[in-house]
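Listed below, chain by chain, are the residues.
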Amino acid sequence: ATFDQAGFAQQIGSLSGAGTVTDTGAAATFTVSAGAFYTGNFTGTTALRAAGGDVVLFSGSNTAGPVTVDAGRLFFSSQAALGSNVVTVNAGSILDYFGGSALSLNNTNITIASGSGVASRAANLTLPSSTTLPTSGTLYINFDDTPTSTLTIPAGVTLTGTLTVQVGGGNA
């Protein structure tokens, strides 16, 4: 099934299964505000926003607009699931890679705000050199009891705040 936003912003509680979410009108935001396990695709001019405190998981493809994580944890399985556009991870949010093989992201820009974090569950994740880290505050690597694989932050990306690495329920 295909859902066309037709240029209108949409907010739903949960999203599951396969299909396509598209926007054939003016760019509009598609907000998922509760837990989701979506294996379908995002196309058109859709801007994707994960805004719930729950886990949101995408494993289809995203050829649409920017991705914003406003609350909770956004799991993604591949570069295709995240898309290659701008990604913003706001305070209180986690961007979490769960793919089975090493991945070097090629997004145009990833901005990680203070009080947010990045994790990688099963394989190495390399952030793009265009990544913007917090200039003050805290960047979390992991943020729960599940081990994180290798996370690589390329040379030239700087963090002037505090780096907190949580390992097995405690901070290290």
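Let me sum up the structure you'll find in this document. (Residues numbered from 1 in each chain as written. Predicted model: local features only at pLDDT ≥ 70, side-chain atom pairs only at ≥ 80, totals over all residues. Heavy atoms only, no water.)

So, about the sheet that holds strand S7 (residues 41-42). Here three strands make up an open sheet; going across it, the order is S1-S4-S7 and the pairing parallel. Only two strands of the sheet have a single neighbouring strand rather than two, namely strand S1 (2-4) and S7. Sheet topology places S1 next to strand S4 (residues 20-22); three bridges connect them, and they run parallel. Paired with Asp4 across the two strands is Thr22, which belongs to S4. (Pairing = 2+ DSSP bridges. Helix = DSSP H or I, 4+ residues; strand = E, 2+ residues; numbered from the N terminus.)

With that out of the way, let us pick up the side chain of Thr31. The residue Thr31 is located in strand S5 (residues 29-32) in this model. Excluding its chain neighbours within four sequence positions, the residues that come into contact with Thr31 are Gln10, Gln11, Ile12, Arg49 and Ala51. (Contact = heavy atoms within 4.5 Å.)

So, about the packing of aromatic side chains. Scanning the entire structure with this criterion turns up seven aromatic pairs. Taking 5.1 Å as the distance between ring centres and 90 degrees as the angle between the ring planes, the aromatic pair formed by Phe42 and Phe58 counts as edge-to-face. With Phe42 in strand S7 and Phe58 in strand S9 (residues 55-58), the pair connects residues that are 16 residues apart, well separated along the chain. For Phe58, a relative accessible area of 4% puts it in the buried group. Put simply, the rings of Phe3, Phe30, Tyr38, Phe42 and Phe58 touch in pairs and so form one group of aromatic residues. (Phe/Tyr/Trp six-rings, centres within 6.5 Å; stacked < 30°, edge-to-face > 60°. Buried < 20%, exposed > 50% of the residue type's maximum accessible area, 1.4 Å probe, protein only.)

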